[in-house]
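Spelled out, the chains give:
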Amino acid sequence: PYVNVQITRGVTREQKSAIVKDITESLVNHLGKKPEHIHIVIQEIADENWGFSGMLTDDWKREQS
């Protein structure tokens, strides 16, 4: 399996490691996949390149503070 995780920038290496571990364990436990066959790519997207709810994420974050 190939899993592509897209997130906004700002997570730590430890958080990324935990995500990779959790996704791998889930695919092993629920689908019976072998860990060595699982590929996970984490793509970090700049806030100004991510939009939701009609706004760019950096604008939304500014409004929340």
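Coordinates for the structure precede this section.
A brief report on the enclosed structure follows. (Residues numbered from 1 in each chain as written. Predicted model: local features only at pLDDT ≥ 70, side-chain atom pairs only at ≥ 80, totals over all residues. Heavy atoms only, no water.)

**Focus on the overall build of the protein**
Next, step 1: A tally of helices and strands in the protein yields two helices and four strands.
Next, step 2: For the protein, the succession of helices and strands along the chain, N to C, is β-α-β-β-β-α.
Next, step 3: Rg of the C-alpha trace for the protein: 15 Å, well past the compact-globule value of 11 Å for 65 residues, more than 25% over.
Next, step 4: Along the three orthogonal principal directions, the C-alpha set of the protein runs to about 45 × 25 × 15 Å.
Next, step 5: The burial tally for the protein puts 14% of its 65 residues in the buried class.
Next, step 6: As displayed, the protein offers around 5000 Å² of accessible surface, 50% of which is attributable to carbon and sulfur atoms.
Next, step 7: Taking the average place of the 8 positive charges on the side chains of the protein and the average place of its 10 negative ones, the gap between the two points comes to 8 Å. (Helix = DSSP H or I, 4+ residues; strand = E, 2+ residues; numbered from the N terminus. Rg over C-alpha atoms; globule rule 2.2 N^0.38 Å. Buried < 20%, exposed > 50% of the residue type's maximum accessible area, 1.4 Å probe, protein only. Areas by Shrake-Rupley, 256 points an atom, 1.4 Å probe, with all protein chains shown as cover. Lys, Arg positive; Asp, Glu negative; His and termini not counted. Charge placed at Lys NZ, Arg CZ, Asp CG, Glu CD.)

**Topic: the pattern of salt bridges**
Next, step 1: Counted according to the given criterion, the structure contains five salt bridges.
Next, step 2: Note that K61 is salt-bridged to D47, the shortest N-O span being 2.9 Å. Placement of the pair is K61 in helix α2 (residues 57-64) and D47 in the loop between β2 (39-45) and β3 (51-52), with a sequence separation of 14 residues.
Next, step 3: Exposure remark for K61: the relative accessible area of 37% places this residue in the partly exposed category.
Next, step 4: Residue R62 is joined to D59 by a salt bridge in which the shortest nitrogen-to-oxygen separation is 2.4 Å. Of this pair, R62 and D59 both sit in helix α2, three residues apart, which is roughly one turn of that helix.
Next, step 5: Judged by its relative accessible area of 52%, R62 falls in the exposed class. (Salt bridge = Lys/Arg side-chain N within 4 Å of Asp/Glu carboxyl O.)

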